[in-house]
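Listed here are the chains, written in short residue letters.
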Amino acid sequence: MNQIASVPAIADQIVIRAESALDFLAREALLDRAFGLDRWRKTCERLREGRLPAPGLAFSAIRGGVLVGTLRFWSIKAGDAHDGLLLGPIAVSASLRSQGLGGAMIRLGLEHARALGHKAVILVGDAPYYERFGFSRVGAEHLDLPGPVELARFLALELAPGALAGAQGMVRATGAFSESEGDRRLAA
């Protein structure tokens, strides 16, 4: 099962594991419920389209054999010379929101990203929520995304000090493209 962590504080035990191609239908249904069909029109989708998540950085939360959470990171270039990751989407089943699962998944994902040698993460999200993990406008203030974005929601986190120093310009996708049917189930 590739169990990575468990979340015992939430009613029934939840296991966080590496995402698999078998999670495809449940993951897509969860994302549709969480974000609606307009999710495909979001600016960050331009960076995920047809690409695979960053290796080792796609997670599924499972409770009783059912997918109840998803988190993925994507390889990007932040400006001309700064490699990084894009966090998102993250979604948790409505019945489990505000119980700590999203936070547990983010902390686990950031730990894995750091362990894999990644140095910076960007995202578009609610600052009051993501600030608790260390995200802020610092590092993203001179970057642009390929579409409209509310600047207050465009946040960054340096996993290594100075990783985004001087970062400016367009954020571009750098991850691998999906090529096989199995890959397509893992791609955006």
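Residues numbered from 1 in each chain as written. Predicted model: local features only at pLDDT ≥ 70, side-chain atom pairs only at ≥ 80, totals over all residues. Heavy atoms only, no water.

Q: Can you tell me about the overall build of the protein chain, naming the residues and giving the values?
A: Counting its regular elements, the protein chain contains five helices and nine strands. N-terminal to C-terminal, the α/β element order of the protein chain is β-β-α-α-β-β-β-α-β-α-β-β-β-α. Burial status across the protein chain gives 47% buried among its 188 residues. Considering only intrachain contacts with a sequence separation of at least 6, the fraction spanning at least 24 residues in the protein chain is 68%. (Helix = DSSP H or I, 4+ residues; strand = E, 2+ residues; numbered from the N terminus. Buried < 20%, exposed > 50% of the residue type's maximum accessible area, 1.4 Å probe, protein only. Contact = heavy atoms within 4.5 Å.)

Q: Go over helix α1 (residues 24–35) with me, naming the residues and quoting the values.
A: Here α1 spans 16 Å end to end across twelve residues, near enough to the 16 Å set by a 1.5 Å rise per residue. For α1, the set of buried residues is R27, E28, L30 and L31. Along the axis of α1, the buried residues cluster in a sector spanning 160°; they form a single face. Residues of α1 that are exposed and point more than 90 degrees away from the buried face comprise L25 and R33. (Expected span 1.5 Å × (residues − 1). Arc of directions from axis to C-beta.)

Q: I'd like a description of the pattern of salt bridges, backed by residues and values.
A: Counting across every chain of the model gives seven salt bridges. The closest approach of N and O atoms between E28 and R27, which form a salt bridge, is 3.1 Å. The buried category is assigned to R27, whose relative accessible area is 1%. Among the ionic contacts, a cluster of salt bridges with common partners joins E19, R27, E28 and R72. (Salt bridge = Lys/Arg side-chain N within 4 Å of Asp/Glu carboxyl O.)

Q: Kindly report on the side chain of H82, identifying the contributing residues and their values.
A: Of note, H82 is situated in the loop between β4 (66–78) and β5 (83–92). Separated by 2.8 Å, the side chain of H82 and the backbone oxygen of A165 make a polar contact. Sequence-distant contacts of H82, defined by excluding residues within four places in its chain, comprise I76, K77, A163, L164, A165, G166 and A167. (Polar contact = N/O pair within 3.5 Å; in protein donor to acceptor, adjacent residues only side chain to side chain.)

Q: Tell me about the nonpolar core, and please be specific about residues and values.
A: Burial of nonpolar side chains together is a common tendency in soluble globular proteins. With 29 residues, the main nonpolar core has F73, L87, L101, L110, Y130 and F135 as its most contacted residues. Looking at this core, the elements that each hand over two or more residues are β2 (14–18), β3 (58–63), β4, β5, α3 (101–115), β6 (120–124), α4 (127–130) and β8 (154–158). Core analysis: the second largest hydrophobic core is formed by 18 residues, C44, L143, L145 and A156 among them. (Core = buried A, V, L, I, M, F, W, Y, C linked by side-chain atoms within 4.5 Å.)

Q: Account for the packing of aromatic side chains, naming residues and giving values.
A: Following the criterion strictly, the structure yields four aromatic pairs and no others. Relative to Y130, the ring of Y129 has its centre 5.0 Å away and its plane inclined at 85°; by these criteria the two rings are edge-to-face. A network of ring pairs unites the aromatic residues Y129, Y130, F133 and F135 as a single cluster. (Phe/Tyr/Trp six-rings, centres within 6.5 Å; stacked < 30°, edge-to-face > 60°.)

Q: So, the pairing of β2: which residues are in play, and what are the values?
A: Where burial is concerned, most of β2 is hidden: four out of the five residues are buried. Sheet analysis places β2 next to β3, joined by four bridges and oriented antiparallel. Each bridged residue has a counterpart across the sheet, and for A18 the counterpart in β3 is F59. (Pairing = 2+ DSSP bridges.)

Q: Give a detailed account of the side chain of K77, specifying residues and quantitative values.
A: Looking at the element boundaries, K77 is found in strand β4. Since its relative accessible area comes to 18%, K77 is described here as buried.

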